[in-house]
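Each chain, letter by letter, is given below.
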Amino acid sequence: MQYSNFGQKFLRQTGIGQLMDDLGNPSPGSCLLGGGNPAHIPEVAEVWKEILSKQIESGGIERILGSYESPSGVLELREILAEILSKESGTKISFDEIAITNGSQNAFYFLLNFFSGNFGNQKDKKILFPILPEYIGYTDQTLEGDSFLSFLPEIKEIGDRSYKYFIAKDKFDSVKNWKQEAGCICISRPTNPTGNVITDEELEFLISKATEADIPLLVDNAYGLPFPGLVFGKSRLIHKPGMIQGFSLSKLGLPGVRTGIVLGDSHTIEMLQRANSVINLTSANPGQFIALEFFRSKKWKDLCEKVILPFYKRKSLFAQDVIRNRWSYSIDYRIHQSEGAFFLWIWVKNLTLPVGELYPIFKESGVIIVPGKTFFPGADPSWKHREECFRLSFVREDKEIEEGILRIGRVLEKFSK
Ligand SMILES: Cc1ncc(COP(=O)(O)O)c(C=O)c1O
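Visitor: Break down helix 11 (residues 285-296) for me, with residues and values.
Guide: Given a rise of 1.5 Å per residue, 12 residues ought to cover 16 Å, and the 16 Å separating the end C-alpha atoms of helix 11 matches this to within 8%. A large share of helix 11 lies buried, amounting to 9 of its 12 residues. Listed in full, the buried residues belonging to helix 11 are Asn285, Gly287, Gln288, Phe289, Ile290, Ala291, Leu292, Phe294 and Phe295. In the core, the buried residues of helix 11 are packed alongside helix 3 (42-58), helix 4 (61-66), helix 5 (75-89), strand 2 (98-101) and helix 12 (299-326).

Following this line, the structure appears as structure tokens:
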């Protein structure tokens, strides 16, 4: 069979495809520290059950299962989201600045292709990642190749075994043609895979750079504010003209309903609506109606702040403690400061093999992690840091996290110089 360029993209196994395959087919007994699934938190599951029962009892289910809603999303949901996002950001936001998509992955597929590729007049534009590492799921989304312009981060070591990435602001001066090359700037906050939360000041800096270049700043809040709100330190939702922001129900505990939310200028929102109707006709209903009830009930804020956030904070500390107390001192590791999301990002400096080559050995030893190199789109492949890092998730039961981290530690010890 012959395939077009578009089809051929999927003949190759992509980073995210490989990851989803491994997550979907784990060997029995493996410790699953690889995935992006949220935890099953009983208090949270209870809320979904209550909402679903109410929908069935009231007969609301008929509309949910039996109708195509508008391709920009259910109007009542867009209105209530506008109210919440206005309040949380202190900015006036209206419903026509909000679109609903089939998950935020789907939203970013549209957005990354709106703002990269061929702009006519031989102008090809790229997506600028102002700091790496960045979410693996953006990597294969663009329809055209060579789509990324990426800036390496500044690395600051903190104390004995911690470090943090910062935006290397001088890159915006030293890479002279970035304004001509970039069609948008894109960042996840908190960042998947590192758990980094770029500071408010760094975010303001990116807004000013995007404004200077007259391009949008895409901010992906899949783990961020205001829901699920997995930001461990003090921060706030910032929204300014020129920003297009993604949100999701997935990390709240609803990845299966595939509901994403985009906040942006009304023109881009209208384009998203048109693209959604061409590709999907409309977005799926169940997540939208669960969300409508959830946000109307005003329970969402307490659930995020008093249940979900403390749950993941404790898990993060637990995983870090296991590493610090149980790994051999011969492993020269650093943990990226855990500031949000539900991953730890580990950098090991004295390995005799690249992490990519250790991956099958981890798998064989009964633990799944995600090797770091796939999180560096557009980076110079010779930068050895890419092969010294990996991501592990801390959503699973404590026992599984502990066992998985011990298995990782045994492999790392064997392959440390
Ligand atoms: C940073 C980030 N953005 C977007 C997504 C996509 O999430 P969804 O399509 O489930 O909303 C993910 C999923 O893991 C993610 O980690």
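Visitor: Summarise the domain arrangement of the protein; cite the residues concerned and give the values.
Guide: Here the protein is described as being made up of domain 1 (5-43 + 302-414) and domain 2 (67-298). At the junction of the two partners, domain 1 supplies 45 residues and domain 2 supplies 47 residues. Per-residue buried area on domain 1 facing domain 2 is highest for His336, Glu339 and Pro377; these three make up 16% of the total on that side. Counting every contact that joins domain 1 to domain 2 gives 3 salt bridges. At the junction of domain 1 and domain 2, the tally comes to 24 residue pairs in polar contact (both at pLDDT 80 or more). Mapped by element, the contributors of at least two residues to the side of domain 1 that touches domain 2 are helix 1 (5-9), helix 2 (15-24), helix 12, strand 12 (333-336), strand 13 (343-348) and strand 16 (389-393). With 8 residues, helix 12 is the largest single contributor of residues to the side of domain 1 that touches domain 2. The residue makeup of the side of domain 1 that touches domain 2, split by class, is 25 nonpolar, 12 polar and 8 charged.

Visitor: Pulling in residues and values, what's your account of the pairing of strand 7 (residues 162-166)?
Guide: Across the 5 residues that make up strand 7, a large majority, 4, are buried. Where strand 6 (residues 154-158) lies against strand 7, 5 bridges are found, and the strand directions are antiparallel. Counted as the bridge partner of glutamate 154 is phenylalanine 166 from strand 7. Connecting strand 6 to the antiparallel partner strand 7 that follows it, the hairpin turn spans 3 residues, and glycine 159 within it adopts a positive phi of roughly 60°. Where strand 7 and strand 12 come together, 2 bridges link them in parallel fashion. Pairing of serine 162 across the sheet is with isoleucine 335, part of strand 12.

Visitor: Break down the packing of aromatic side chains for me, with residues and values.
Guide: A complete count under the given rule lists 28 aromatic pairs for this structure. With centroids separated by 5.2 Å and ring planes inclined at 80°, the aromatic side chains of tyrosine 223 and phenylalanine 342 adopt a geometry described as edge-to-face. Taken together, the residues span a long stretch of sequence, with tyrosine 223 in the loop between strand 9 (217-220) and strand 10 (243-248) and phenylalanine 342 in the loop between strand 12 and strand 13 at a distance of 119 residues. You can call tyrosine 223 buried: its relative accessible area is 5%. For phenylalanine 342, a relative accessible area of 0% puts it in the buried group. Aromatic pair tyrosine 223 and phenylalanine 343: ring centres 5.7 Å apart, planes at 75°, arrangement edge-to-face. In this pair, tyrosine 223 sits in the loop between strand 9 and strand 10 while phenylalanine 343 sits in strand 13, placing the two residues 120 residues apart along the sequence. Phenylalanine 343 sits in the buried class, given a relative accessible area of 0%.

Visitor: Summarise the nonpolar core; cite the residues concerned and give the values.
Guide: Where a protein is soluble and globular, its nonpolar side chains tend to be buried together. Grouped together as the largest cluster of nonpolar side chains are 80 residues, with contacts concentrated most on Phe295, Tyr312, Trp327, Ile346, Phe390, Ile408 and Leu412. With 10 residues, the single largest contributor to this core is helix 12. Residue contributions to this core reach at least three from each of two domains, namely domain 1 (5-43 + 302-414) and domain 2 (67-298). Ignoring sequence-local partners within four residues, the contact set of tyrosine 312 consists of Pro38, Ala39, Ile41, Leu230, Phe232, Lys251, Phe342, Phe394 and Val395.

Visitor: Summarise the environment of serine 162; cite the residues concerned and give the values.
Guide: Mapped onto the secondary structure, serine 162 falls in strand 7. Non-local contacts of serine 162, meaning those with residues more than four positions away in its chain, are made with Glu157, Arg324, Arg334 and Ile335.

Visitor: Describe the sheet that holds strand 13, naming the residues involved and giving the relevant values.
Guide: Pairing is mixed in the open sheet, where 6 strands are placed in the order 6-7-12-13-16-15. On the outer flanks of this sheet lie strand 6 and strand 15 (370-371), each paired with one strand and no other.

Visitor: Summarise the pairing of strand 13; cite the residues concerned and give the values.
Guide: For strand 13, a buried count of 6 out of 6 residues is recorded, marking the element as mostly surrounded by other parts of the structure. Judged from the 3 bridges that link them, strand 12 and strand 13 form a sheet pairing that is antiparallel. The residue bridging tyrosine 333 from the neighbouring strand is valine 348, located in strand 13. Here strand 12 hands over to strand 13 after 6 residues, with alanine 341 in that stretch at a positive phi of 60°. Examined bridge by bridge, strand 13 and strand 16 share 5 bridges and lie antiparallel to one another. Counterpart to leucine 344 in the pairing with strand 16 is leucine 392.

Visitor: Give me the pattern of salt bridges: which residues, what numbers.
Guide: The final tally for this structure, using the stated rule, is 30 salt bridges. The salt bridge partner of lysine 315 is aspartate 398, with a shortest N-O separation of 2.8 Å. With lysine 315 in helix 12 and aspartate 398 in helix 14 (residues 398-414), this residue pair connects regions lying 83 residues apart in the sequence. On the basis of relative accessible area, lysine 315 is assigned to the buried category, the value being 4%. Residues lysine 384 and glutamate 388 are paired through a salt bridge, measuring 3.3 Å at the closest nitrogen-oxygen approach. One salt-bridge network, held together by shared partners, links Arg189, Asp200, Glu204, Arg236 and Lys240.

Rules used in this analysis
- Residues numbered from 1 in each chain as written.
- Predicted model: local features only at pLDDT ≥ 70, side-chain atom pairs only at ≥ 80, totals over all residues.
- Heavy atoms only, no water.
- Helix = DSSP H or I, 4+ residues; strand = E, 2+ residues; numbered from the N terminus.
- Expected span 1.5 Å × (residues − 1).
- Buried < 20%, exposed > 50% of the residue type's maximum accessible area, 1.4 Å probe, protein only.
- Contact = heavy atoms within 4.5 Å.
- Domains from an automatic or database assignment.
- Buried area = accessible area lost by both parts, 1.4 Å probe.
- Salt bridge = Lys/Arg side-chain N within 4 Å of Asp/Glu carboxyl O.
- Polar contact = N/O pair within 3.5 Å; in protein donor to acceptor, adjacent residues only side chain to side chain.
- Nonpolar A, V, L, I, M, F, W, Y, C, P; charged D, E, K, R; others polar.
- Pairing = 2+ DSSP bridges.
- Phe/Tyr/Trp six-rings, centres within 6.5 Å; stacked < 30°, edge-to-face > 60°.
- Core = buried A, V, L, I, M, F, W, Y, C linked by side-chain atoms within 4.5 Å.

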